[in-house]
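So the chains spell out like this:
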Amino acid sequence: MLKKLTPFYFGALLLFTLPACTIQDAALSAGAQTGLHYADDRSFGDATKDASIGFKIHDDLFQHHVDLYRFVDVSVFEGRVLLYGNVPQAHMRNDAVRIAWQTKDVKEVINELQVKDASTLTAAAQDKILKTSLRTDITLDEDISSLNYKISVSDGIVYVQGIATSQAEKDKVFSYARNQPYVKKIVDYTRMMPAKSG
């Protein structure tokens, strides 16, 4: 029985037991976030599907090899999977990409995995500070639909996924990112929301 309690199942349980503020990135509590909203074409169903894809990939990484689960970070937005972080061996990059592509409903796999030693504790702490600070900035800005963006950070590299409702909004998000502590580089995986007809 214990063998079956892999990260996928633990994650699913956590989503329904943890306070909403601790699972914002999974977006399952988005409807309860006061003052926050999705863009018109980013539905609650899209968010839950992304969360399900992410948990399944994590579970499959764990089943393949515990080191893949340890070293590979996963972020999913609109079925587009971002793999990032540092892996010690080149074949692990290929294994992670293959596993991600085998997951149902995946539309694209973006491979940002670097073959290098794992981040130091100091670097990991700096990444957490950077991500938390940026997420706070865009959440508190009333001109930004913050739940339309996913922020991932590894070794000072900021990966931004999401839907920009306007160029002005996107510029604001990236301005906040540039002004964060420890940031080395910003990688843009956002798209613009289609203009409304009529």
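Residues numbered from 1 in each chain as written. Predicted model: local features only at pLDDT ≥ 70, side-chain atom pairs only at ≥ 80, totals over all residues. Heavy atoms only, no water.

A. Spotlight on the overall build of the protein chain. Scanning the protein chain for helices and strands turns up six helices and six strands. Looking at the protein chain residue by residue over its 198 residues, the buried ones come to 44%. Sequence separation of 24 or more characterises 65% of the internal contacts of the protein chain that already satisfy a separation of 6 or more. With the model as given, the accessible surface of the protein chain reaches about 10,900 Å², and the carbon-plus-sulfur share is 55%. (Helix = DSSP H or I, 4+ residues; strand = E, 2+ residues; numbered from the N terminus. Buried < 20%, exposed > 50% of the residue type's maximum accessible area, 1.4 Å probe, protein only. Contact = heavy atoms within 4.5 Å. Areas by Shrake-Rupley, 256 points an atom, 1.4 Å probe, with all protein chains shown as cover.)

B. Quick peek at the packing of helix H2 (residues 44-64) against helix H4 (residues 90-101). Relative to each other, H2 and H4 sit at 135°, their axes nearing to 10 Å. When the axis of H2 is compared with that of H4, the two are oblique. For the crossing formed where H2 meets H4, the hand is right-handed. Residues Ile-57, Asp-60, Leu-61 and His-64 of H2 form the contact with H4, whose participating residues are Asp-95, Ala-96, Arg-98, Ile-99 and Ala-100. Of the residues in the contact of H2 with H4, the class split is five nonpolar, one polar and three charged. (Axes fitted to C-alpha atoms, helices over the stretch in contact; angles between N-to-C directions. Parallel < 35°, antiparallel > 145°, perpendicular 65-115°, else oblique. Left-handed = near helix turned anticlockwise from the far one by under 90°. Nonpolar A, V, L, I, M, F, W, Y, C, P; charged D, E, K, R; others polar.)

C. Unusual backbone geometry, seen in detail. The phi torsion at Asp-105 lies on the positive side, around 75°, for a residue other than glycine. Tracing the sequence through the fold places Asp-105 in the loop between H4 and strand S3 (108-115). Not every positive phi belongs to a glycine, and Tyr-182 is a case in point at roughly 75°. Mapped onto the elements, Tyr-182 comes out in the loop between helix H6 (167-178) and strand S6 (185-192). On the basis of relative accessibility, which here comes to 41%, the residue Tyr-182 falls in the partly exposed class.

D. Highlighting the sheet that holds strand S2 (residues 80-87). Read from one edge to the other, the open sheet built from three strands follows the order S1-S2-S3, with strand pairing classed as mixed. At either end of the open sheet lies a strand with only one pairing partner, and these are strand S1 (73-77) and S3. The mean angle between the axes of side-by-side strands here comes to 10°, regardless of whether they run parallel or antiparallel. Pairing of S2 with S3, which is carried by eight bridges, proceeds in the parallel orientation. In the strand pairing of S3, Leu-83 is matched with Asn-111. The sheet strands contacting H2 are S1 and S2, and the helix crosses S1 at an angle near 155°. Relative to S3, H4 is tilted by about 160°, and along the sheet it contacts S2 and S3. (Pairing = 2+ DSSP bridges.)

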